[in-house]
Amino acid sequence: MYQWLHTLEKNQINKVATVIDGENQGEKLVLSGENILAQSKKYGFLSRNLKKIEKINQSGILIIEGKRVFCEQIGQPASMVICGAGYVSIAVIKIAKSIGMDVTVIEDRPKFADHARIAGADRVYCEPFSSGLARITGDQNTYFIVVTRGHRYDTECLEQILAKPYAYLGMMGSKYRVAMMKTYLLDRNYESETVDQIHMPIGCSIGAESPEEIAVSIMAEIIMVKNKKKRIIEYPSELIPYLTGEKGGDRKKILATIVEKHGSVPRKAGTKMLILEDGRTIGTIGGGCAESGIIRQGLLMMNDPEKDTALIQVHMSGEETQDMFCGGKMEVFLEKI
């Protein structure tokens, strides 16, 4: 059922609708643009209500004919492209990787390119910025950072990136360097609106001084931009091979998804965790006693031949979870894979 994860169009609006309660519980339909990529039941409840699903513009619970349907607007995992591999870039790579971003670095100096590899970049192109950027198409989930060693390289990078789709574009530089760049781009007939949307100088204004502090300010700005999108849900890259069968083979698996939350809860709706038959998990829905309880219920369901789906309520008031006093509650949908 999850082979569609490999066929999503990056620049299309992709949606997944799942009935989470009632007689149609577990029915699923996947849309990419106007095309149905997958459906668990042909001519079922969801396909009969296709027009309502097409109108969804953000993730969340939709009530259709009295049934609760969890709708996910799916985005590709965020990727970062860094032009330059100086000290700030190295610090950015480490933070970006810690929050699960795919990182590509372009750097024409071999020694600095090696530093980016050691820092954990997923790929490093040790070549001129122009040819490195030519390899990258960009999309609505690509975050470009320009932190080169000189104005000439900044100009080269910005002009190439501005011709691509992107989620974010930022350039590091002094006030003088930024003013020069804005003047240059306007003289080259770029629209003032386009120039104003470039984050330069890059990063949130927090008085950052060291490379590490500057990296924090850059990542804070990127996270702010990313999270302003209308509740886009990403399937974590480490889950995808298990969902599509490339890993785990025929072993039993349960996918746990937070479908609704109220109050203080550690993770947002759409967060996913895979439970394997040996009790191991891929991903997390928040940890602690709440997660342990979900794992136990998932393992029980895994061995129940008559139960393929379940909707579990988790209260985090302290009474049921003992050591957790978040005060919120969440609903978690379990499904056999």
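Residues numbered from 1 in each chain as written. Predicted model: local features only at pLDDT ≥ 70, side-chain atom pairs only at ≥ 80, totals over all residues. Heavy atoms only, no water.

Colleague: So what exactly am I meant to see when it comes to the pattern of salt bridges here?
Modeller: Side-chain pairs of opposite charge can arise whenever the charged atoms involved come near each other. On inspection of all chains with the given rule, the structure shows 17 salt bridges. The partner of Asp 102 in a salt bridge is Arg 123, and the shortest N-O contact between them spans 2.6 Å. Highlighted residues: Asp 102 in strand S7 (residues 102-106) and Arg 123 in strand S8 (residues 123-125), separated in sequence by 21 residues. Taking relative accessible area as the criterion, Asp 102 reaches 26% and is therefore assigned partly exposed. (Salt bridge = Lys/Arg side-chain N within 4 Å of Asp/Glu carboxyl O. Helix = DSSP H or I, 4+ residues; strand = E, 2+ residues; numbered from the N terminus. Buried < 20%, exposed > 50% of the residue type's maximum accessible area, 1.4 Å probe, protein only.)

Colleague: What exactly am I supposed to notice about the packing of aromatic side chains here?
Modeller: Think of a pair of aromatic rings as described by two things: how far the centres are apart, and how the planes are tilted against each other in angle. Counted according to the given criterion, the structure contains 5 aromatic pairs. Taken together, a centroid distance of 6.4 Å and an interplanar angle of 55 degrees make the contact between Tyr 2 and Tyr 235 tilted. With Tyr 2 in the segment before strand S1 (14-19) and Tyr 235 in the loop between strand S11 (232-233) and helix H10 (240-243), the pair connects residues that are 233 residues apart, well separated along the chain. Through successive ring pairs, a cluster of aromatic residues spans Tyr 2, Trp 4 and Tyr 235. (Phe/Tyr/Trp six-rings, centres within 6.5 Å; stacked < 30°, edge-to-face > 60°.)

Colleague: Hey, could you run me through the environment of Asn 35 in this one?
Modeller: Tracing the backbone through its elements, the reader meets Asn 35 in strand S3 (residues 35-39). Residue classification places Asn 35 among the exposed positions, given a relative accessible area of 53%. Sequence-wise, Asn 35 and Asn 14 are 21 residues apart; in three dimensions their C-alpha atoms are separated by 9.4 Å.

Colleague: What exactly am I supposed to notice about helix H3 (residues 87-98) here?
Modeller: Structural remark: α-helix, 3.6 residues per turn; residues separated by three or four positions point the same way. Over its 12 residues, H3 runs 17 Å from end to end, which matches the ideal 16 Å to within 8%, given 1.5 Å per residue. All buried positions along H3 are accounted for by Val 88, Ser 89, Ile 90, Ala 91, Val 92, Ile 93 and Ala 96. Check the buried side of H3 and you find it contacts strand S6 (79-83), S7, helix H4 (110-119), strand S9 (142-146) and helix H9 (211-227). (Expected span 1.5 Å × (residues − 1). Contact = heavy atoms within 4.5 Å.)

Colleague: Sorry if this is basic, but what is going on with the side chain of Asn 49 here?
Modeller: By secondary structure assignment, the location of Asn 49 is in the loop between helix H1 (45-48) and helix H2 (50-54). Asn 49 sits in the buried class, given a relative accessible area of 5%.

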